[in-house]
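# Examining the three-dimensional arrangement
Residue strings, one per chain:
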Amino acid sequence: MTISPQTDAPLSQGWQWSPGYAALGSPFLTPVPTQALPHPYLVAYSASAALLVGLDADAFDSSSWQQVLAGNATPQGCQATASVYSGHQFGVWAGQLGDGRATLLGEIAPPQQHAGVAHEFQLKGAGLTPFSRMGDGRAVLRSSIREFLCSEAMHALGIPTTRALCIMGSDAPVYREQIETAAVVTRLAPSFIRFGHFEHFSFRNQHAELKTLADYVITRYYPECLATQQFNGNPYCALLQAVTSRTARLLAQWQAVGFCHGVMNTDNMSILGLTMDYGPFQFLDAFDPGHICNHSDTQGRYAFHKQPNVAYWNLHCLAQALLPLIEDPALATAALETYKTDYPQAFDACLAAKLGFGAASAATQTLAHAVLQLLATDRVDYTIFWRRLSHWARACDPADASVRDLFVNRAEIDAWLLQYSELLAHVPRAVAADLMLKTNPQYVLRNHLGEVAIQAAQKKDFVPLAQLLAVLEHPFDEHPAYASYADFPPDWASSIAISCSS
Ligand code: AMP
Ligand code: MG
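Not measured: the values here are computed from a predicted model. (Residues numbered from 1 in each chain as written. Chains lettered and ligands numbered in written order. Predicted model: local features only at pLDDT ≥ 70, side-chain atom pairs only at ≥ 80, totals over all residues. Heavy atoms only, no water.)

Let us now look at the environment of Phe203. Here Phe203 is to be found in helix 4 (residues 195-203). Overall, the relative accessible area of 55% leaves Phe203 in the exposed class. Taking C-alpha positions, Phe203 is 8.8 Å from Ser86, a pair spaced 117 residues apart along the chain. (Helix = DSSP H or I, 4+ residues; strand = E, 2+ residues; numbered from the N terminus. Buried < 20%, exposed > 50% of the residue type's maximum accessible area, 1.4 Å probe, protein only.)

And the structure:
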């Protein structure tokens, strides 16, 4: 094994590296050397993500930090590791997978006077690991930009997600469907542990390791499970229930904002209920419930409207994996069952907010589901509809045609708007409209917006990427200079084919 060179790149005062999950050592993680990225250069960084780990903007100009962020050196005291996991891919047991191109440098904890949690610091695309299988350990600039932008965009939308600190690029060629160039994204999250980590040890009947992993996750992230009175006081069942509940809320947020993940394999499901592993994701343009964003998903397993059920299926895989610790299948089933109420409740609450109401009611539920039907029939642009409706709600003026103009079937949307305005009469309209403008974004990371930033970055113009990030960091504000980012997608957007290739 080669040892990566170490650098004395400093963090802000008082911030500490610690091994975090890597302290569990073998068989959970394997030390790996990171693989040098030739002649790296900074492509983009997120100032808000940097705050999470005590870095200021100057760090991205410093050559010692750039070396760390490219995987060419590790900070003093850090040992890069890759973790092992398994998983179900497209509904089929795939066996061992693991961090094939992501290495964990450790965890950064803020000094005591800082509130906030410790974050794992992970380099994606930093080279081969023992889990690379047939892969090259690399990530291309195109997919790295998509992951970077979407992580930060989701965070700004208030949707739980892993974060992205920065992208380092290189001219080194990487072979995909065509030759592209390499990049490394630094990702941050309190933990990158996946459902697949549990499946790995359970499938191999390594129950001692399974318990070590579950105890680690409970102690670090779900300490309330230790004191549970529910489920006969079984903390592992309480963990299953807590993950079920977080996943239900996450899925409700995805469906409400129109986010399609694209590869909801169990190895891409976060034990913390975070959106993770951004690959062929897409924010819907026209509202098509059956939309399949991943070109490689020929069966449509991960179509937009199937996502909530897929998450439930994935939670069953997690339950199965935890069964040696839970012991009683009836308890595990009871924990899983909470999804059936948590998901619809969370989704209806999201829809109520989209309509301007602080809480769901039978009336908001009926109206929301009715309008989703109309949006689907007429394939109306999802983001534009909700944003226009937010402005319309302030006056409910029948002469304001901005919403009805989006529909082919005018009579039906007119009837719906009338019903909606009757419901709005029960609340101050300005309050409703203000809530809607904070709930229904003006800007989402549409595929074509990402594509424009990618094409410029591939020619070493990183300005459009920085501009798009700045807009997506404040998706509920108006940005007059970038009004076009909120427009309907151009015709060429539908020809962008996004596959698993990354
Ligand atoms: P994904 O589809 O990106 O979630 O990846 C599934 C599995 O393949 C994970 O174990 C990844 O680490 C691994 N993988 C994906 N791309 C590569 C690559 N270029 N090199 C090595 N491993 C990879
Ligand atoms: Mg993955």
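Let us keep going from here.
Attention shifts here to the coordination of the magnesium ion (ligand 2). Only Asn268 (OD1) and Asp277 (OD) from the protein coordinate the magnesium ion (ligand 2), and they sit 2.0 to 2.1 Å from it. Judged on exposure class, the residue Asn268 and its partner Asp277 are both buried. (Donors = N, O, S within 2.8 Å, 3.2 Å for Na, K, Ca; no water.)

Under the counting rule described, the total for this entry stands at 27 aromatic pairs. Aromatic pair Tyr41 and Phe462: ring centres 6.1 Å apart, planes at 25 degrees, arrangement stacked. One end of the pair, Tyr41, is in strand 4 (residues 41-45); the other, Phe462, is in the loop between helix 13 (447-458) and helix 14 (463-472), and 421 residues separate them in sequence. Here Tyr41 matches Phe462 in class, with each residue buried. Seen in terms of ring centroids, Tyr339 and Tyr343 are 5.9 Å apart; in terms of plane orientation they differ by 10 degrees. Their pairing is stacked. Taken together, the residues span about one helical turn, with Tyr339 and Tyr343 both in helix 8 (residues 329-354) at a distance of four residues. Just as Tyr339 is buried, Tyr343 falls in that class too. (Phe/Tyr/Trp six-rings, centres within 6.5 Å; stacked < 30°, edge-to-face > 60°.)

This part is about the domain arrangement of the protein chain. As assigned here, the protein chain comprises domain 1 (15-192), domain 2 (196-342), domain 3 (349-439) and domain 4 (447-495). Taking only C-alpha atoms into account, the centre of domain 1 sits 24 Å from that of domain 4. The partner domain 4 presents 13 residues to the 19 residues of domain 1 that form the contact. When residues of domain 1 are sorted by the area they lose upon contact with domain 4, Ile145, Leu149 and Ala156 head the list and together hold 32% of the total. Run the count over domain 1 and domain 4 and you get one salt bridge. Across the salt bridge formed by Asp171 and Lys460, the nearest N and O atoms sit 3.0 Å from each other. At the boundary of domain 1 with domain 4, the tally comes to two residue pairs in polar contact (both at pLDDT 80 or more). Among the secondary structure elements, those contributing two or more residues to the side of domain 1 that touches domain 4 are strand 4 and helix 3 (141-156). Considering every element that reaches the side of domain 1 that touches domain 4, the biggest residue donor is helix 3, with nine residues. Classifying every residue of the side of domain 1 that touches domain 4 gives 12 nonpolar, two polar and five charged. (Domains from an automatic or database assignment. Contact = heavy atoms within 4.5 Å. Buried area = accessible area lost by both parts, 1.4 Å probe. Salt bridge = Lys/Arg side-chain N within 4 Å of Asp/Glu carboxyl O. Polar contact = N/O pair within 3.5 Å; in protein donor to acceptor, adjacent residues only side chain to side chain. Nonpolar A, V, L, I, M, F, W, Y, C, P; charged D, E, K, R; others polar.)

The subject of this paragraph is the side chain of Arg146. Structurally, Arg146 can be placed in helix 3. Summary of buried charges: Arg146 has no salt-bridge partner, and the nearest side chain of opposite charge, Glu451, is 6.1 Å away. (Lys, Arg positive; Asp, Glu negative; His and termini not counted.)

Before going further, it helps to examine the pattern of salt bridges. A complete count under the given rule lists 18 salt bridges for this structure. Note that Arg194 is salt-bridged to Asp277, the shortest N-O span being 2.8 Å. Of this pair, Arg194 sits in the loop between strand 13 (179-189) and helix 4 while Asp277 sits in the loop between strand 14 (259-260) and strand 15 (282-283), and the two are 83 residues apart along the sequence. The pair formed by Arg194 and Asp277 is uniform in burial state, with each residue classed as buried. Residues Lys340 and Glu337 are paired through a salt bridge, measuring 3.1 Å at the closest nitrogen-oxygen approach. With Lys340 and Glu337 both in helix 8 and three residues apart, the pair spans about one turn of that helix. Residue classification places Glu337 among the partly exposed residues on the basis of a relative accessible area of 37%.

So, on to the state of the cysteines. Tallying each qualifying case throughout the model produces zero disulfides. Sulfur of Cys225: no disulfide; nearest cysteine sulfur belongs to Cys237 and is 9.6 Å away. Cys225 sits in the buried class, given a relative accessible area of 3%. (Disulfide = S-S within 2.5 Å.)

Here we take up the pairing of strand 7 (residues 86-89). Each regular strand shows side chains that alternate between the opposite faces of the sheet. Here three bridges tie strand 7 to strand 8 (residues 92-96), and the two strands are oriented antiparallel to one another. If you follow Gln89 over to strand 8, its bridge partner there is Val92. Counting the residues that bridge the hairpin from strand 7 to strand 8 gives two residues, and of these Phe90 lies at a positive phi of roughly 50 degrees. (Pairing = 2+ DSSP bridges.)

Bringing the site of ligand 1 into the picture now. Near ligand 1 there are 17 residues, and of these Gly98, Gly100, Arg133, Asp136 and Gly137 occur at the shortest range. Take Arg138: an N or O atom from its main chain is 3.2 Å from a nitrogen atom of ligand 1. Taking Arg176, its side chain carries an N or O atom lying 3.4 Å from a nitrogen atom of ligand 1. For ligand 1, whose unbound accessible area comes to 480 Å², protein coverage reaches 81%. The site holding ligand 1 turns out to be the largest pocket. Its residues assigned to classes, the shell around ligand 1 shows two nonpolar, seven polar and eight charged. Formed jointly, the shell around ligand 1 draws a minimum of three residues from each of two domains, domain 1 (15-192) and domain 2 (196-342). (Near = heavy atom within 4 Å. Areas by Shrake-Rupley, 256 points an atom, 1.4 Å probe, with all protein chains shown as cover. 1 Å grid on protein atoms, 1.4 Å probe; cavity = no way out; pocket = protein on both sides within 12 Å on 5 of 7 lines; lining within 4 Å. Sits in = over half its atoms within 2 Å of the grid points.)

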